[in-house]
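Descriptive structure summary
Take a look at the letters that make up each chain.
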Amino acid sequence: MPLTVLYRDAALAVIDKPAGLAVEADSKESVVEMLSRELGPKGGRAWPRVVHRLDTGTSGCLAVALNKKGEAGFLRLFEEGVVEKRYLALVAGAPPDEADLDTAYGQDPRDRRRFTTHVQTAKRARLSYRVRERLRGSALLEVVLDTGRTHQIRVQLAEAGFPVVGDAVYGGPKAEGVAVMTELMRVGLHAERLSFPHPLDEGKTVECTAPLPEDLASALVALRS
């Protein structure tokens, strides 16, 4: 899988991650391994490093640090909450035109591999969304993340009643039905935009947009008919 670089300088890079490619894994078919060959410095240093995560089935903008200063700067940006992360989510059902979701969030006590909003914890998960397009039995949402919990968009939307299409873990029959109709073979989630003030260059803003992948574009065409 070729990796499209959306932005790069000496300290950091943003790539357009294809769906189906793991971010980190003990194989040559992961973002980290591929970037180490293509962007990493000579001499065996442990760079690049991913500074936020996308699920394997999710496509789109992914930021990586290329040196220690870049990594420290990115971590500071996330702590300050100034990194804008916007996703497109193809969901089953008819969600409200827009909403803010602010819920508890944690591991499911019945299955530690899953996450849920139905837990008693002080940890919160927050996102907002608006409907970009209504489709047959589904909708395309524009989602902005305020927090970055594991599986957050998939869990919060599913437990709000409109699961992400193609999500085999949290989707259920409603999302599976739309996936079959569109022949979508992965989770319908795309990290469309990543924007942040450059951590090392004061006054500079990095803004990256990843185009809609062919499989999601084809699914939208099918749902418009």
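It should be noted that the structure appears before, not after, this text.
For the structure given in this document, a descriptive report is provided here. (Residues numbered from 1 in each chain as written. Predicted model: local features only at pLDDT ≥ 70, side-chain atom pairs only at ≥ 80, totals over all residues. Heavy atoms only, no water.)

Observations concerning empty space enclosed by the protein
Evaluated as defined, the whole model comprises one cavity of 30 Å³ or more. Of the voids in this model, the largest cavity is the one considered here, and its volume is about 30 Å³. Surrounding the largest cavity, Leu-88, Ala-89, Leu-90, Leu-140, Gly-188, His-190, Leu-212, Leu-216 and Leu-220 form its lining. Among the secondary structure elements, those contributing two or more residues to the lining of the largest cavity are β5 (84–92) and α5 (214–224). Among the elements that take part in the lining of the largest cavity, β5 stands out by supplying three residues, more than any other. Of the residues that constitute the lining of the largest cavity, the class distribution is seven nonpolar, two polar and no charged. (1 Å grid on protein atoms, 1.4 Å probe; cavity = no way out; pocket = protein on both sides within 12 Å on 5 of 7 lines; lining within 4 Å. Points joined across faces, edges and corners; volume = space filled by probe spheres on them. Helix = DSSP H or I, 4+ residues; strand = E, 2+ residues; numbered from the N terminus. Nonpolar A, V, L, I, M, F, W, Y, C, P; charged D, E, K, R; others polar.)

So, the environment of Arg-114
For Arg-114, the location among the structural elements is in strand β8 (residues 111–116). Note: C-alpha distance between Arg-114 and Gly-188 (74 residues apart in sequence) is 18 Å. For Arg-114, the residues in contact, after removing those within four places along its chain, are Gly-106, Gln-107, Asp-108, Val-169 and Tyr-170. Within polar-contact distance, the side chain of Arg-114 engages the backbone oxygen of Val-169 at 2.7 Å. (Contact = heavy atoms within 4.5 Å. Polar contact = N/O pair within 3.5 Å; in protein donor to acceptor, adjacent residues only side chain to side chain.)

Brief notes about the packing of aromatic side chains
Throughout the structure, instances matching the rule amount to four aromatic pairs. Ring geometry for Tyr-129 and Phe-162: centres 5.6 Å apart, planes at 65°, overall edge-to-face. Taken together, the positions of Tyr-129 in strand β9 (residues 124–135) and Phe-162 in the loop between α3 (152–159) and α4 (172–182) put the pair 33 residues apart, joining distant regions of the chain. For Tyr-129, a relative accessible area of 4% corresponds to the buried category. Note on Phe-162: relative accessible area 8%, which makes it buried. Taken together through their ring pairs, the aromatic side chains of Phe-74, Phe-78 and Phe-196 make up a single cluster. (Phe/Tyr/Trp six-rings, centres within 6.5 Å; stacked < 30°, edge-to-face > 60°. Buried < 20%, exposed > 50% of the residue type's maximum accessible area, 1.4 Å probe, protein only.)

Some details on α5
Residue pairs spaced three or four apart in an α-helix point in one direction, given the helix's 3.6 residues per turn. All of the buried residues in α5 are Leu-216, Ala-219, Leu-220 and Leu-223. Take α5 and look down its axis: the buried residues cluster within an arc of 100°, on one side only. In α5, those exposed residues whose orientation departs by more than 90 degrees from the buried face are Glu-214 and Val-221. Packing partners of the buried residues in α5 comprise β5, β9, β10 (138–145), α4 and β11 (189–197). (Arc of directions from axis to C-beta.)

Considerations on the nonpolar core
Among the nonpolar cores identified, the biggest contains 32 residues, and Tyr-87, Val-91, Leu-141, Val-143, Ile-153 and Leu-157 are the most heavily contacted of them. Secondary-structure elements contributing two or more residues to this core are β2 (12–17), α1 (31–38), β4 (59–65), β5, β9, β10, α3 and β11. Excluding residues within four positions of it along the chain, Leu-141 makes contact with Tyr-87, Leu-88, Ala-89, Val-91, Pro-95, Tyr-129, Arg-130, Val-131, Arg-132, Leu-157 and Phe-162. (Core = buried A, V, L, I, M, F, W, Y, C linked by side-chain atoms within 4.5 Å.)

A closer look at α4
Looking at α4, one finds that the buried residues are Ala-175, Val-178, Ala-179 and Thr-182. Relative to the axis of α4, the buried residues are bounded by an arc of 105° and lie together on one face. The exposed residues of α4 that point more than 90 degrees off its buried face are Pro-173, Glu-176 and Val-180. Turning to α4, the residues buried within the fold contact β5, β10 and α5. Positioned one or two residues after α4, Glu-183 has a phi angle of 60°, which is positive.

Considering the pairing of strand β1 (residues 4–8)
Examined bridge by bridge, β1 and β2 share four bridges and lie antiparallel to one another. Its bridge partner being in β2, Thr-4 is matched across the sheet by Asp-16. (Pairing = 2+ DSSP bridges.)

Concerning the pairing of β10
A large share of β10 lies buried, amounting to seven of its eight residues. Two strands pair when backbone bridges link them, and β9 and β10 are joined in this way by eight bridges, in the antiparallel orientation. Following the sheet pairing, Val-131 is matched in β10 by Leu-141. Counting the residues between successive antiparallel strands, the hairpin from β9 to β10 contains two residues, one of them, Gly-137, with a positive phi of roughly 65°.

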